[in-house]
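Overview (structure and organization)
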Amino acid sequence: MPQTVDFNDRMLSLGLARVSEAAAIASARLIGRGDEKAADQAAVDAMRTQLNLLDIAGTVVIGEGERDEAPMLFIGEEVGTGKGPAVDIALDPLEGTTLTAKDMPNALAVIAMAPRGTLLHAPDVYMDKLAIGPGYAEGVVSLDMDPAERVRQLAKAKGGQPEDITVCILERPRHQDLISAVRSTGAAIRLITDGDVAGVIHCAEAETTGIDMYMGSGGAPEGVLAAAALKCMGGQIYGQLLFRNDDEKSRAERAGITDLGRIYTRDEMVTADVIFAATGVTDGSILRGLKREVGWVTTETVLMRSKTGSVRRMTYRTPVK
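Values in this document were obtained by computation on a predicted structure and should not be read as measured data.

Once that is clear, we can look at the UniProt feature "binding site: substrate" (unreviewed entry) in the protein chain. Under the UniProt annotation, "binding site: substrate" (unreviewed entry) lies at Glu 95, Gly 96, Thr 97, Tyr 126, Arg 172, Pro 173, Arg 174, Asp 194, Gly 195, Asp 196 and Gly 219. Position of Arg 172 relative to the elements: it lies in the loop between β6 (166-170) and α5 (176-184). Overall, the relative accessible area of 25% leaves Arg 172 in the partly exposed class. In this view, Arg 172 contacts Thr 193 and Asp 194; residues no more than four positions away in its chain are not counted. Of the polar contacts made by the side chain of Arg 172, one reaches the backbone oxygen of Thr 193; its length is 2.7 Å. In this structure, Arg 174 sits in the loop between β6 and α5.

Written as structure tokens, this is what we have:
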């Protein structure tokens, strides 16, 4: 059973929103400028500075990479003042660096926080993911099913036909067979170029986004962030780590993972209450992107708490130099 742990999440939630807002605002001047690394670094620096203002004893468990790969917000880095509750932090200061550099939709600044030891320490490898929104019986779809069967079962549960289902998939050569299998059922596919945290979140707001299901492989860290969002919004996600070589298996073992073939459910990736914040960087179907005018910038943020099921949407306007 998921844990219920009081980690002062009500008081910390607004602080978490400030963290994602700061990261998004820092990347504002780099939207559409073609420099992915500069946009990411600006967001990382701003997020780290804001995190260190929070009264938490935080440990980054999903971050920018391992210590030798990332100068800031690396996995294992300690953040916060050290005076508050011990928490795990999963973050992506700029989910969609390419989207930001090219001014394409659905770039986000994303962060989740939960009690210490309750977020899956996912290594930086691929994860096979399957997600649907709320309102369905547990296990109506599974990673054990082939893609076409998933579509048929979800359509049946929805009370429709496969033609009534839309699946979100990352547009990658590795997904050619998956795309063919889904289309063979008559289902529609919305292909995205990047940003699979947003892709999974789409399922939780199917009436707004038109997306019923997410399928395909992407980064395992992003799978944990997506699970945190769905724990707040409702919905199911299943993930299984994929390994291309022994080095990637070693990464998983260093992260404490012993069953390399395990299929994780949402509540196994996020085992306790969690708070989640995301701020739009570029316009998307979940959040409006940053709006700049001379001397000012305006953001939209979604802030969620799994304990209460609350979902807040907040607009923030602030002067900028």
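Position of Gly 76 relative to the elements: it lies in the loop between β1 (57-62) and β2 (78-79). The spatial distance from the C-alpha of Gly 76 to the C-alpha of Ala 43 is 19 Å, given a sequence separation of 33 residues. Contact partners of Gly 76, with chain neighbours within four places excluded, come to Thr 59 and Val 60.

What follows concerns the domain arrangement of the protein chain. Domain assignment breaks the protein chain into domain 1 (9-119 + 274-319) and domain 2 (126-269). The gap between the C-alpha centroids of domain 1 and domain 2 is 23 Å. Regarding the contact of domain 1 and domain 2, the summed buried area is about 1900 Å², with carbon and sulfur atoms giving 69% of it. Inspection of the region where domain 1 meets domain 2 yields 1 salt bridge. Residue Glu 205 is joined to Arg 313 by a salt bridge in which the shortest nitrogen-to-oxygen separation is 3.2 Å.

Another aspect to go through is the nonpolar core. Generally speaking, soluble globular proteins have nonpolar side chains that are buried together. Counting 48 residues, the largest nonpolar core has Tyr 214, Ile 237, Met 269 and Phe 276 as the members making the most contacts within it. Looking at this core, the element that brings in the most residues is helix α8 (residues 220-233), giving 10 residues. Each of domain 1 (9-119 + 274-319) and domain 2 (126-269) contributes no fewer than three residues to this core. Here Met 269 is in contact with Thr 118, Leu 119, Leu 120, Met 127, Gly 223, Val 224, Ala 227, Ile 237, Tyr 238, Gly 239 and Tyr 264, once residues within four sequence places are set aside. If you look at the next biggest cluster of nonpolar residues, it comprises 40 residues, including Ala 24, Val 44, Ile 111 and Met 113.

Another point: the sheet that holds strand β5 (residues 126-132). Read from one edge of the open sheet, 6 strands run β7-β6-β8-β5-β9-β10, paired in mixed fashion. Each edge of the open sheet carries a strand with a single partner, namely β7 (188-192) and β10 (263-265). The sheet shows a mean angle of 20 degrees between the axes of neighbouring strands, taken without regard to direction. The pairing of β6 with strand β8 (residues 213-219) spans 2 bridges and is parallel. Considered in β8, the bridge of Val 167 is made with Met 213. Where helix α6 (residues 196-204) meets the sheet, its contacts fall on β5, β6, β7, β8 and β9 (236-242), and the angle it forms with β8 comes to roughly 160 degrees.

With that settled, consider unusual backbone geometry. Leaving glycine aside, a negative phi is the common case for residues, and trans is the common case for peptide bonds. Positive phi, close to 55 degrees, is recorded for Leu 73, a residue that is not glycine. Locating Leu 73 in the fold gives a position in the loop between β1 and β2. We classify Leu 73 as buried; its relative accessible area is 0%. Positive phi, normally seen in glycine, also occurs at Asp 103, with a value near 55 degrees. Position of Asp 103 among the secondary structure elements: in the loop between α3 (97-101) and β4 (108-115).

Quick look at the UniProt feature "binding site: Mn(2+) 1" (unreviewed entry) in the protein chain now. UniProt's feature table lists "binding site: Mn(2+) 1" (unreviewed entry) at Asp 40 and Glu 64, given in the numbering used throughout. In terms of the greatest pairwise C-alpha distance, the residues named above, spread along 25 residues, form a tight cluster of at most 9.7 Å across. Its location among the elements puts Asp 40 in helix α2 (residues 36-51). With residues near it in sequence (within four places) discarded, Asp 40 still touches Glu 64, Leu 94 and Thr 97.

Quick notes on the rules
- Residues numbered from 1 in each chain as written.
- Predicted model: local features only at pLDDT ≥ 70, side-chain atom pairs only at ≥ 80, totals over all residues.
- Heavy atoms only, no water.
- UniProt positions renumbered as here; feature names shortened; annotations may be inferred.
- Helix = DSSP H or I, 4+ residues; strand = E, 2+ residues; numbered from the N terminus.
- Buried < 20%, exposed > 50% of the residue type's maximum accessible area, 1.4 Å probe, protein only.
- Contact = heavy atoms within 4.5 Å.
- Polar contact = N/O pair within 3.5 Å; in protein donor to acceptor, adjacent residues only side chain to side chain.
- Domains from an automatic or database assignment.
- Buried area = accessible area lost by both parts, 1.4 Å probe.
- Salt bridge = Lys/Arg side-chain N within 4 Å of Asp/Glu carboxyl O.
- Core = buried A, V, L, I, M, F, W, Y, C linked by side-chain atoms within 4.5 Å.
- Pairing = 2+ DSSP bridges.
- Axes fitted to C-alpha atoms, helices over the stretch in contact; angles between N-to-C directions.

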